[in-house]
Amino acid sequence: MTQQQTVHLIDDDESFLRSMARRLRSHGLNVATWNYAAEFLLSPEPNAPGCVLTDLQMPGRDGFELQRILATSPNPLPLIFISGKGDIPATVRAMRAGAEDFLTKRTGTTELLAAIQRALDRDTRERAARGQQNSSRQLLSSLSERELQILLGVTQGLSNRQMAEQYELAERTVKHYRTQLTRKLDLYTTVELCRLVHDAGLTPESLATTIAELA
């Protein structure tokens, strides 16, 4: 069963927190409320899908620190700032750091809901991409150092003969390892192999670095 997305509402103003939660729930959104960023970061469901709607100025960790922590966490939920006043420098800083939007507390319901929906859609896309990346990296982790070398050669567009020369192997040995890795991955074309490396978040250069670290 797909887990329901949650809008995490964070604000130290208790009255605003209650009214905003009612407002969002009246439009069918699943809402969790938090008085402080630290409380949210200790949430018992650290990998749950959703987004964050947070005040900027709060005691302890402010919105910018929360944004920084989220960006480097295993579950980097999209974040929307909702502040008591418009602040152009703060808005620019937030957006450059990847915020989905920067709104004021007077923002109308239509604009607010649209921003939340964009954030939730973004979370769905990014969560799927992270899942694909993890799956691809697991597949790559099953390969031996030599198989990874052959895969690197494939992504670089090298022929079997060129790989044999570069790796100081017999061409039939290259063919053997190439057949071995394609069967292990169940991927048989150059396009499929290159896509696997891309989906793993790697480039030929970073794949070469990985192989060097294994040597």
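Anything mentioned here points back to the structure above.
Chemist: Hey, could you run me through the pattern of salt bridges in this one?
Modeler: Working definition: two side chains of opposite charge can pair if their charged atoms are close together. Per the stated rule, a full pass over the model turns up 12 salt bridges. In this structure, arginine 18 and glutamate 14 form a salt bridge, with 3.9 Å as the shortest nitrogen-oxygen distance. Taken together, the residues arginine 18 and glutamate 14, both in helix H1 (residues 14-25) and four residues apart, mark about one turn of the helix. By relative accessible area, which is 37% here, glutamate 14 ends up partly exposed. For arginine 118, the salt bridge identified is with glutamate 100, shortest N-O distance 3.4 Å.

Chemist: Can you walk me through helix H3 (residues 63-71) in this structure?
Modeler: At 3.6 residues per turn, the α-helix brings residues three or four places apart onto the same side. Of all the residues in H3, the buried ones are Gly63, Phe64, Leu66, Gln67 and Leu70. Take H3 and look down its axis: the buried residues cluster within an arc of 160°, on one side only. Among the residues of H3, the N-terminal cap falls to aspartate 62, whose side-chain oxygen and the backbone nitrogen of phenylalanine 64 are separated by 3.2 Å.

Chemist: Would you take a moment to explain the nonpolar core for this structure?
Modeler: Where a protein is soluble and globular, its nonpolar side chains tend to be buried together. Ranked by size, the top nonpolar core spans 22 residues in total, and within it Leu151 and Leu207 carry the most contacts. Listing elements by their share of this core, those giving two or more residues are helix H6 (145-155), helix H7 (160-167), helix H8 (171-185), helix H9 (190-199) and helix H10 (204-214). For this core, the element with the highest residue contribution is H6, accounting for five residues. Apart from residues lying up to four places away in sequence, leucine 207 is in contact with Leu148, Leu151, Leu152, Val197 and Leu202. Within the second largest apolar cluster, 19 residues are counted, among which are Leu9, Ile82, Leu103 and Leu112.

Chemist: Got a minute to help me understand the sheet that holds strand E5 (residues 101-104) in this structure?
Modeler: Pairing between sheet strands relies on hydrogen bonds along the backbone, with the strands arranged either parallel or antiparallel. Spatially, five strands are ordered E2-E1-E3-E4-E5 in an open sheet, and the strand pairing comes out parallel. Edge positions in the sheet fall to strand E2 (31-34) and E5, since each of these pairs with one other strand and no more. Each neighbouring strand pair of the sheet contributes to a mean axis angle of 20°, computed without reference to strand direction. Summarising the sheet, strand E3 (residues 50-54) and strand E4 (residues 79-83) pair through three bridges and their orientation is parallel. Paired with valine 52 across the two strands is leucine 79, which belongs to E4. Packed onto the sheet, H1 meets strand E1 (6-10), E2, E3 and E4 and runs at close to 175° relative to E2. Running at roughly 140° to E3, helix H5 (residues 109-141) makes contact with E1, E3, E4 and E5 of the sheet.

Chemist: What am I meant to see in the layout of surface pockets here?
Modeler: There is about 220 Å³ of room inside the largest pocket. Around the largest pocket, the lining comprises 14 residues; the ones closest to its centre are Phe40, Leu41, Pro46, Leu70 and Asn75. If you list the elements that add at least two residues to the lining of the largest pocket, you get helix H2 (37-41) and H3. A class-by-class count of the residues in the lining of the largest pocket yields eight nonpolar, five polar and one charged.

How each quantity is defined
The written sequence of each chain sets the order in which its residues are numbered from 1. With the structure being a predicted model, the display of local features is reserved for residues of pLDDT at least 70 and the display and counting of side-chain atom pairs for 80 or more, all residues being used for whole-chain, interface and lining totals. Side-chain figures throughout are based on the complete set of non-hydrogen atoms in the structure, without hydrogens or water. Salt bridges are identified by distance alone: a Lys or Arg side-chain nitrogen within 4 Å of an Asp or Glu carboxyl oxygen. In this description a helix means any DSSP run of H or I spanning at least four residues, a strand means any run of E spanning at least two, and both kinds are numbered starting from the N terminus. Each residue gets one of three labels from its accessible area relative to the maximum for its type: buried under 20%, exposed over 50%, partly exposed in between, using a 1.4 Å probe on protein chains only. Starting at the helix axis, one direction is taken to each C-beta atom, and the arc is that of these directions. Within 3.5 Å is the distance limit for a polar contact, defined as a pair of N or O atoms, with the added protein rule that one can donate a hydrogen and the other accept it, and that residues adjacent in sequence qualify only through two side-chain atoms. By nonpolar core we mean a set of buried residues, namely Ala, Val, Leu, Ile, Met, Phe, Trp, Tyr and Cys, connected to one another through side-chain atoms within 4.5 Å. By definition in these notes, contact holds between two residues if any of their heavy atoms fall within 4.5 Å. Strand pairing follows a simple DSSP-based rule, namely that at least 2 bridges must link the two strands. Here the axes come from fitting lines to C-alpha atoms, over the contacting stretch only for helices, and the angles between their N-to-C directions go from 0 to 180 degrees. As defined here, a cavity is a set of points on a 1 Å grid over the protein atoms alone where a 1.4 Å probe fits but cannot get out. A pocket is an open set with protein on both sides within 12 Å along at least five of seven lines, and residues line them when an atom is within 4 Å of a point. Grid points are joined across faces, edges and corners, and a volume is the space filled by probe spheres set on the points. Gly is placed with the polar residues, together with every amino acid not listed as nonpolar (Ala, Val, Leu, Ile, Met, Phe, Trp, Tyr, Cys and Pro) or charged (Asp, Glu, Lys and Arg).

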